[in-house]
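# Overview (structure and organization)
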Amino acid sequence: QVQLVESGGGLVQPGGSLRLSCVASGSIFSINAMGWYRQAPGKQRELVAAITSGGGTNYADSVKGRFTISRVNANNKVYLQMNSLKPEDTAVYYCNAHIGSYWGDSGRDYWGQGTQVTVSS
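All figures in this text were calculated on a predicted structure; none of them were measured in a lab. (Residues numbered from 1 in each chain as written. Predicted model: local features only at pLDDT ≥ 70, side-chain atom pairs only at ≥ 80, totals over all residues. Heavy atoms only, no water.)

## Let's talk about the state of the cysteines
Filter applied, for reference: Disulfide: a pair of cysteine sulfur atoms within 2.5 Å of each other. Elements are defined by DSSP. Helices are runs of H or I of four residues or more, strands are runs of E of two residues or more, and each kind is numbered from the N terminus. Think of it in three bands: residues with accessible area under 20% of the maximum for their type are buried, residues over 50% are exposed, and the middle band is partly exposed, with areas taken using a 1.4 Å probe on protein chains only.
With the rule as written, the count across this model stands at one disulfide. Sulfur-sulfur distance for the disulfide between Cys22 and Cys95 comes to 2.1 Å. Across the disulfide from Cys22 to Cys95, rotation about the S-S bond amounts to roughly -80 degrees, and the bridge is consequently left-handed. Placement of Cys22 in strand β3 (residues 18-26) and of Cys95 in strand β9 (residues 91-100) is noted, with a sequence separation of 73 residues between them. For Cys95, a relative accessible area of 0% translates into the label buried.

## Focus: the pairing of β9
Stated formally: Strand pairing is assigned whenever DSSP identifies at least 2 bridges connecting the two strands.
With respect to burial, β9 is a largely interior element, eight of its 10 residues being buried. Here strand β4 (residues 30-39) runs beside β9; their pairing, made up of eight bridges, is antiparallel. Note on β9: the bridge partner recorded for Gln39 is Val92. Pairing of β9 with strand β11 (residues 115-119), which is carried by three bridges, proceeds in the antiparallel orientation. Counted as the bridge partner of Tyr93 is Thr115 from β11. In this structure, β9 lies alongside strand β10 (residues 108-111), joined through four bridges in antiparallel fashion. If you follow Ile99 over to β10, its bridge partner there is Arg108.

## Brief notes about the pattern of salt bridges
Our working rule: Salt bridges are defined by distance alone: a side-chain nitrogen of Lys or Arg within 4 Å of a carboxyl oxygen of Asp or Glu.
Scanning the entire structure with this criterion turns up four salt bridges. The closest approach of N and O atoms between Asp89 and Arg38, which form a salt bridge, is 3.0 Å. Within this pair, whereas Asp89 is found in the loop between β8 (77-82) and β9, its partner Arg38 is found in strand β4, the two being separated by 51 residues in sequence. In this pair, the class of Asp89 matches that of Arg38, namely buried. One continuous salt-bridge network, built from bridges that share partners, spans Arg38, Glu46, Arg66 and Asp89.

Listed below in structure tokens is the structure:
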């Protein structure tokens, strides 16, 4: 059993900042890529940012230069620092991780329950 738990969402004014956190727990042998996705009302879920176990990163064009993803492998955590927030960043943000539970396990994707981010004045 693996769980991902997010925290750090909330209401912020345009131009403000928020930091999202996600921790993975349970039957974990290895964690490969971790990432953040978001889904706004009426829209499909989209990738915001991803980070490999080696620290390589990938960002959606809409957040480049404003958001920073990071992770601490020792405690199975991933973070998303969001600066210069815009109303169009409003969405439910989901943590994602590709986790193997034992030696030789190719792993599967796990998702958190989501955390709401609202950018509004």
